[in-house]
Amino acid sequence: GINSFAAQAAQGAPARQGAEGPPRQTYGEAMGWYETQARRGYPRAQFLLGYMYETGLRGAPDPAAARAWYRKAARRGEARAAFRLAGMLRAGRGGPVDMDGALRLYRLAAERGHVAAQSTLGYLLAVGGAVARDDAEAYLWLTLAARAGDAAAAENRARLLEYMTPEARAAGERLVRDFRPKG
């Protein structure tokens, strides 16, 4: 995963060969391989390159470059990239705050089964404020994330149920019943 790759990189260990990863080589060579694959349009490599820029694995963090690579990967349906880019747009990292864009990207990732995106989107829709509140859709995402084991989603769903109208809950239950992941 990303974190094990990051840990290996920090220790200067050679990259491990994976089904979709570079052949065994040094960290620096692996970074070149990922960049080549990202430029060729491979969404997983674009996501990983974005992550490297966001976290500073390639030197100083470069949030604007991270946004650009995440955006390319998200356009190709990479849920992890959509989720991370949504967080950057929401926080204004690497560019201006864009809540509408963040919501679109959280939804894209959530529809593809990304549990953290489902939990975050459900929370935002339940709380409202920066986004329009939608209890039925919040119920959908919080229920799906809670079923996947997300403890925060389960807690937020319980709070939502305290003030949800019976009509909104019924609408939310229909959304859960009819949900089919995309991609």
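Residues numbered from 1 in each chain as written. Predicted model: local features only at pLDDT ≥ 70, side-chain atom pairs only at ≥ 80, totals over all residues. Heavy atoms only, no water.

**Description of the overall build of the protein**
Item 1. When helices and strands are counted, the protein shows 10 helices and 0 strands.
Item 2. Starting at the N terminus, the α and β elements of the protein follow one another as α-α-α-α-α-α-α-α-α-α.
Item 3. In the protein, which comprises 183 residues, the proportion classed as buried is 46%.
Item 4. Counted over contacts in the protein with a minimum sequence separation of 6, partners at least 24 positions apart contribute 43%.
Item 5. Entry remark: accessible area of the protein is about 9,400 Å², with carbon and sulfur atoms responsible for 50%. (Helix = DSSP H or I, 4+ residues; strand = E, 2+ residues; numbered from the N terminus. Buried < 20%, exposed > 50% of the residue type's maximum accessible area, 1.4 Å probe, protein only. Contact = heavy atoms within 4.5 Å. Areas by Shrake-Rupley, 256 points an atom, 1.4 Å probe, with all protein chains shown as cover.)

**Here we look at the packing of helix α8 (residues 135-147) against helix α9 (residues 151-163)**
Item 1. The interhelical angle for the contact between α8 and α9, taken along N-to-C directions, is 145 degrees, at an axis separation of 8 Å. As α8 runs across α9, the sense of the crossing is left-handed. For the pair α8 and α9, contact is made by D135, A138, Y139, L142, T143, A145 and A146 and by A153, A154, N156, R157, L160, L161 and Y163, respectively.
Item 2. Class assignment for the residues of the contact of α8 with α9 results in 10 nonpolar, 2 polar and 2 charged. (Axes fitted to C-alpha atoms, helices over the stretch in contact; angles between N-to-C directions. Left-handed = near helix turned anticlockwise from the far one by under 90°. Nonpolar A, V, L, I, M, F, W, Y, C, P; charged D, E, K, R; others polar.)

**Structural notes on the side chain of H114**
Item 1. Positionally, H114 belongs in the loop between α6 (99-111) and α7 (115-127).
Item 2. For H114, a relative accessible area of 18% corresponds to the buried category.
Item 3. Apart from residues no more than four positions distant in its own chain, H114 is found in contact with A79, R80, F83 and A109.

**Here's the deal with the side chain of E111**
Item 1. Here E111 shows up in helix α6.
Item 2. Classification of E111 by relative accessible area gives buried; the value is 19%.
Item 3. When sequence neighbours within four positions are dropped, the list of residues in contact with E111 reads W141, F179, P181 and K182.

**Some details on the nonpolar core**
Item 1. Judged by nonpolar contacts, the single largest core of 51 residues is most densely connected at Y70, L105, Y106, L121, W141 and L160.
Item 2. Leaving out residues up to four positions away in the same chain, Y106 has contacts with F83, A86, G87, R90, A117, T120, L121 and L124. (Core = buried A, V, L, I, M, F, W, Y, C linked by side-chain atoms within 4.5 Å.)

**Observations regarding helix α5 (residues 79-91)**
Item 1. For α5, built from 13 residues, the straight-helix expectation of 18 Å at 1.5 Å per residue is met to within 8% by its first-to-last C-alpha distance of 18 Å.
Item 2. Along α5, the residues that are buried comprise A79, A81, A82, L85, A86, G87, M88 and L89.
Item 3. Its buried side turned inward, α5 meets α3 (43-55), α4 (63-75) and α6.
Item 4. Downstream of α5 by one or two residues, G92 has phi in the positive range, about 75 degrees. (Expected span 1.5 Å × (residues − 1).)

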